[in-house]
Amino acid sequence: IAVEIHPTAKEGSKAVAAEIAALIRQKQTAGEPCVLGLATGSTPKYLYAELVRLHREEGLSFKNVVTFNLDEYYPIEPDALQSYNRFMKEQLFNHIDIKEGNYHVPDGTVPKEKIKAYCEEYERKIESAGGLDIQILGIGNNGHIGFNEPGSSINSHTRLITLDNSTRLANAFDFPNMSQVPRLAITMGINTILKAKKVILLAWGSHKAKIVRRSVEGHSTDQVPASLLQQHPNTKFVIDEQAAHDLT
Ligand code: F6R
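Cut-offs applied
- Residues numbered from 1 in each chain as written.
- Predicted model: local features only at pLDDT ≥ 70, side-chain atom pairs only at ≥ 80, totals over all residues.
- Helix = DSSP H or I, 4+ residues; strand = E, 2+ residues; numbered from the N terminus.
- Rg over C-alpha atoms; globule rule 2.2 N^0.38 Å.
- Contact = placed C-beta atoms within 7 Å.
- UniProt positions renumbered as here; feature names shortened; annotations may be inferred.
- Buried ≥ 20, exposed ≤ 12 C-beta atoms within 10 Å, placed from the backbone.
- Pairing = 2+ DSSP bridges.
- Right-handed = clockwise from strand over helix to strand, strands pointing away.
- Near = placed C-beta within 6 Å.
- Nonpolar A, V, L, I, M, F, W, Y, C, P; charged D, E, K, R; others polar.
- Arc of directions from axis to C-beta.

Draft legend 1. Layout of the overall build of the chain. Along its length, the chain carries 7 helices and 10 strands. Expected size for 248 residues packed as a compact globule is a radius of gyration near 18 Å; at 17 Å, the chain falls within 12% of this value. Its C-alpha atoms put the chain at 45 × 45 × 35 Å along the principal axes. Considering only contacts within the chain whose residues lie at least 6 apart along the sequence, 80% involve residues at least 24 apart.

Draft legend 2. The UniProt feature "domain: Glucosamine/galactosamine-6-phosphate isomerase" (unreviewed entry) in the chain, seen in detail. Mapped onto the present numbering, the UniProt feature "domain: Glucosamine/galactosamine-6-phosphate isomerase" (unreviewed entry) falls at residues 8-232. Taken end to end, residues 8-232 comprises 35% helix and 15% strand; its first and last C-alpha atoms sit 26 Å apart.

Draft legend 3. Just the pairing of strand β10 (residues 235-240), in detail. Counting buried residues in β10 gives 5 out of 6 residues, a clear majority hidden from the surface. Sheet analysis places strand β1 (residues 2-6) next to β10, joined by 5 bridges and oriented parallel. Across the sheet, the residue bridging to Ile5 is Ile239, located in β10. Pairing analysis gives 5 bridges linking strand β9 (residues 198-203) to β10, with the strands arranged parallel. In the sheet register, Val199 faces β10, and the bridge partner there is Thr235. Assessed by its sense of winding, the connection that carries the chain from β9 through helix α7 (residues 209-217) to β10 is right-handed.

Draft legend 4. Summary view of the site of the ligand. The immediate surroundings of the ligand are formed by 13 residues, with Thr40, Gly41, Ser42, Thr43 and Gly138 found nearest. Residue composition of the shell around the ligand, grouped by class: 4 nonpolar, 8 polar and 1 charged.

Draft legend 5. Quick look at the environment of Val105. If you trace the backbone, Val105 turns up in the loop between β5 (103-104) and α4 (115-128). Overall, Val105 belongs to the buried group, with 23 C-beta atoms counted inside 10 Å. In sequence terms Val105 and Ser83 are 22 residues apart; their C-alpha atoms lie 10.0 Å from each other. Once residues lying within four places of it in the same chain are set aside, the contact partners of Val105 are Asn69, Glu72, Tyr84, Asn85 and Met88.

Draft legend 6. Spatial organisation of helix α3 (residues 84-91). Inspection of α3 places Tyr84, Asn85, Phe87 and Met88 among the buried residues, and these make up the whole buried set. Down the axis of α3, the sector holding all buried residues measures 165°, keeping them to one side. Tucked inside the fold, the buried residues of α3 contact β2 (34-38), β3 (65-69) and β4 (71-74).

Pasting the structure below:
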């Protein structure tokens, strides 16, 4: 895994935004769509702010961009405060010229008996868009990517998963109380992520230092899902100095 260290989260985010913008423009020139896999949470907020700035101030168009988000709580209404559908609209989609219908966030309202078919369809949509050109990831303190918790198979696809208690605890600040944090989520699988042509994992802050080290320098094991990225030929971690602190 390549590691790119920046002084701050803002600088790292700007570098990744510039890389994404360059690919979008290159694909525009070629008359091709640019397919992005996107994450939510606190980590990509600067990245999305910078992409919005590039749209507003530097004429970056998203008309040829198609996006697929990693995950969504289940069940959840799309307009709920904690919904990742809502998050993406507020942080990015409402502020750029992406076409309605070109962005996809898993639907937290699909009836349970239809989830399996829904997840298979999500995978097919990614394939028929041409596959993910770049997948953006954050990392959980337990090493999860998307909501692929420890133990997730390297062959896993988009599916319903039970959230770890540590993940529910880490995300509880967003909810009125712990009992309201959903126990389930829909997430792309590890295999879905590994099929992306390029993977960029972002991590900021000292609280991510330990899991960054285990992911980059430890054994590749499904007990640390991010360490499975060692098996992808084109993955880089873009991190700040604090998150890089434990690397040898
Ligand atoms: C969210 C996602 C998660 C987060 C991870 C880190 O779409 O896929 O894996 O990236 O939980 O969350 P933050 O960025 O809030 O530290």
